[in-house]
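Here is what each chain is made of, one letter per residue.
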Amino acid sequence: MRIGVLGTGGMADALATHWVRAGHEVLVGGRDEARARLLAGRLGGTTGYGSLRAAAGFGDVALVALPYGAGETVVGELRATLAGKVLLDCSNPVGPGFRLLTDGGPSAASRLAAAAPAARVVKAFNLCHEDVWRMDPPVFDGQRLAVPVCGDDDTALTLVRQLVRDAGCAPLTGGGLDRAGLLEATAALFIGLWVGEGADVRAMAPPLAFAEGPGGTPARAEAPSGTPGPA
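This is a predicted model, so every value here is computed, not measured. (Residues numbered from 1 in each chain as written. Predicted model: local features only at pLDDT ≥ 70, side-chain atom pairs only at ≥ 80, totals over all residues. Heavy atoms only, no water.)

**Observations regarding unusual backbone geometry**
Between Asp136 and the following residue, Pro137, the backbone shows a cis peptide bond with an omega angle of -5°. Within the element layout of this structure, Pro137 appears in the loop between α7 (130–133) and β9 (139–140). For Asp103, which is not glycine, the phi torsion reads 50° and is therefore positive. Tracing the chain through its elements places Asp103 in the loop between β7 (99–100) and α6 (108–115). (Helix = DSSP H or I, 4+ residues; strand = E, 2+ residues; numbered from the N terminus.)

If you want it as structure tokens, here you go:
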């Protein structure tokens, strides 16, 4: 797969590292091409570098690894170049006080879709700190980290699920792009609990077998659509 990475920060580094190791071709793009060159050098493999426009036009998927707000502006400027591309949004619109910056309006992912209406936007990789994504692989208590994926285009979802697997994780079907706002709100809640309260958010939910209560019908045992077995 050919992947353009828009951005040169921690998320760009963490995710692209897995994808280069998996054998994908990556081109890193940034406003500062010197930073893009440095990141490409760290990633190694077949990684190239260039401008944001070069990364947007590079391949099958474009990762938007830019801060909330900046991503929408950049994507709008590159909408023609991004037409037909899979646009992968990993942003978190979370501000001071762990407040959701979208403030009841469209999700960050939906704003990207509006800025580049001919692109196919998918939301994923937004629930964890960049250093979790650097783990190879992210496995906790013997279980791979699950990554909810939201989008409306089946082909785009298939590509992103593969990229989730290539990062050592298990994709979960999160629904259409209209549910991306739920992922963003979940991130705001989790970050507030982790950082603000020092709480383990895993303690909030019972095991899957008790999802409908102790006397309820156990939740279905098979994996949700798109969830892989061991790689």
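**Observations regarding the packing of helix α1 (residues 10–21) against helix α2 (residues 33–43)**
Two packed helices can be described by the angle between their axes and the distance between those axes. At their nearest, the axes of α1 and α2 sit 10 Å apart, and the two run at 40° to each other. By the angle between their directions, the pair α1 and α2 is classed as oblique. Relative to α2, α1 is oriented so that their crossing is right-handed. Taking contact as the criterion, the partners of Ala12, Asp13, Ala16, Thr17 and Val20 in α1 are, on α2, Leu39, Arg42 and Leu43. (Axes fitted to C-alpha atoms, helices over the stretch in contact; angles between N-to-C directions. Parallel < 35°, antiparallel > 145°, perpendicular 65-115°, else oblique. Left-handed = near helix turned anticlockwise from the far one by under 90°. Contact = heavy atoms within 4.5 Å.)

**Let's talk about the packing of aromatic side chains**
Counted by the stated rule, this structure contains 3 aromatic pairs. Ring plane angle 65° and centroid distance 5.4 Å describe the contact between Phe190 and Trp194, whose orientation is recorded as edge-to-face. Of this pair, Phe190 and Trp194 both sit in helix α9 (residues 180–197), 4 residues apart, which is roughly one turn of the helix. Accessibility expressed as a relative area gives 18% for Phe190, which makes it buried. According to the relative accessible area criterion, Trp194 is partly exposed, its value standing at 34%. Site record: aromatic cluster; members linked through ring pairs are Trp19, Phe125 and Trp133. A cation over an aromatic ring shows up here: Arg2 above the ring of Phe58, its NZ or CZ 4.1 Å from the ring centre. (Phe/Tyr/Trp six-rings, centres within 6.5 Å; stacked < 30°, edge-to-face > 60°. Buried < 20%, exposed > 50% of the residue type's maximum accessible area, 1.4 Å probe, protein only. Lys NZ or Arg CZ within 6 Å of the ring centre and 35° of its normal.)

**Regarding a nonpolar patch on the surface**
Side chains of Phe98, Trp194 and Val195 sit close together on the surface and give an oily, nonpolar patch of about 280 Å² of accessible area. Considering the arrangement of structural elements, one finds Phe98 in the loop between β6 (94–95) and β7. Judged by relative accessible area, which is 34%, Phe98 ranks as partly exposed. (Patch = residues over 30% accessible without salt bridge, like charges linked within 9 Å, V, L, I, M, F, W, Y side chains within 5 Å. Areas by Shrake-Rupley, 256 points an atom, 1.4 Å probe, with all protein chains shown as cover. Salt bridge = Lys/Arg side-chain N within 4 Å of Asp/Glu carboxyl O.)

**Brief notes about the packing of helix α4 (residues 70–77) against α6**
It is at 8 Å that the axes of α4 and α6 come closest, and there the two elements cross at 20°. Here α6 runs roughly parallel to α4, going by the angle between their axes. At the point where α4 passes α6, the crossing takes the right-handed sense. On α6, the residues touching Gly71, Glu72, Val75 and Gly76 of α4 are Arg111, Leu112 and Ala115. Residue composition of the contact of α4 with α6, grouped by class: 3 nonpolar, 2 polar and 2 charged. (Nonpolar A, V, L, I, M, F, W, Y, C, P; charged D, E, K, R; others polar.)

**Details of α9**
For α9, spanning 18 residues, the distance from its first C-alpha to its last is 25 Å, which sits close to the expected 26 Å at 1.5 Å a residue. For α9, every residue scored as buried is listed here: Ala180, Leu183, Glu184, Ala187, Ala188, Phe190 and Gly192. Considering only its buried residues, α9 is in contact with β5 (86–89), β6, β7, α6, β8 (120–123) and β11 (146–151). After α9 finishes, the residue Gly198 shows a positive phi value of roughly 65°. (Expected span 1.5 Å × (residues − 1).)

**Quick word on the nonpolar core**
Grouped together as the largest cluster of nonpolar side chains are 34 residues, with contacts concentrated most on Trp19, Val26, Leu63, Leu88, Phe125, Trp133 and Val160. Mapped onto this core, the elements with two or more residues apiece are β1 (2–6), α1, β2 (25–29), α2, β4 (61–64), β5, β11 and α8 (154–166). In terms of residue count, α1 provides more of this core than any other element does, 7 residues in total. Apart from residues no more than four positions distant in its own chain, Leu63 is found in contact with Gly4, Val5, Leu6, Ala12, Leu15, Trp19, Leu88 and Cys90. Membership of the second largest hydrophobic core comes to 26 residues, among which are Ala55, Ala56, Val121 and Ala187. (Core = buried A, V, L, I, M, F, W, Y, C linked by side-chain atoms within 4.5 Å.)

**Topic: the sheet that holds strand β3 (residues 48–50)**
Taken together, 8 strands build an open sheet; the order of strands is β3-β2-β1-β4-β5-β8-β11-β12 and the sheet is mixed. Each end of this open sheet is capped by a strand with a single partner; those strands are β3 and β12 (170–173). Neighbour-to-neighbour, the strand axes of this sheet turn through a mean angle of 25°, independent of strand direction. The pairing of β1 with β4 spans 4 bridges and is parallel. Paired with Val5 across the two strands is Leu63, which belongs to β4. Sitting on the sheet, α2 touches β2 and β3, and the angle it makes with β3 is about 170°. (Pairing = 2+ DSSP bridges.)

Worth remembering: the numbers are spatial, not functional.
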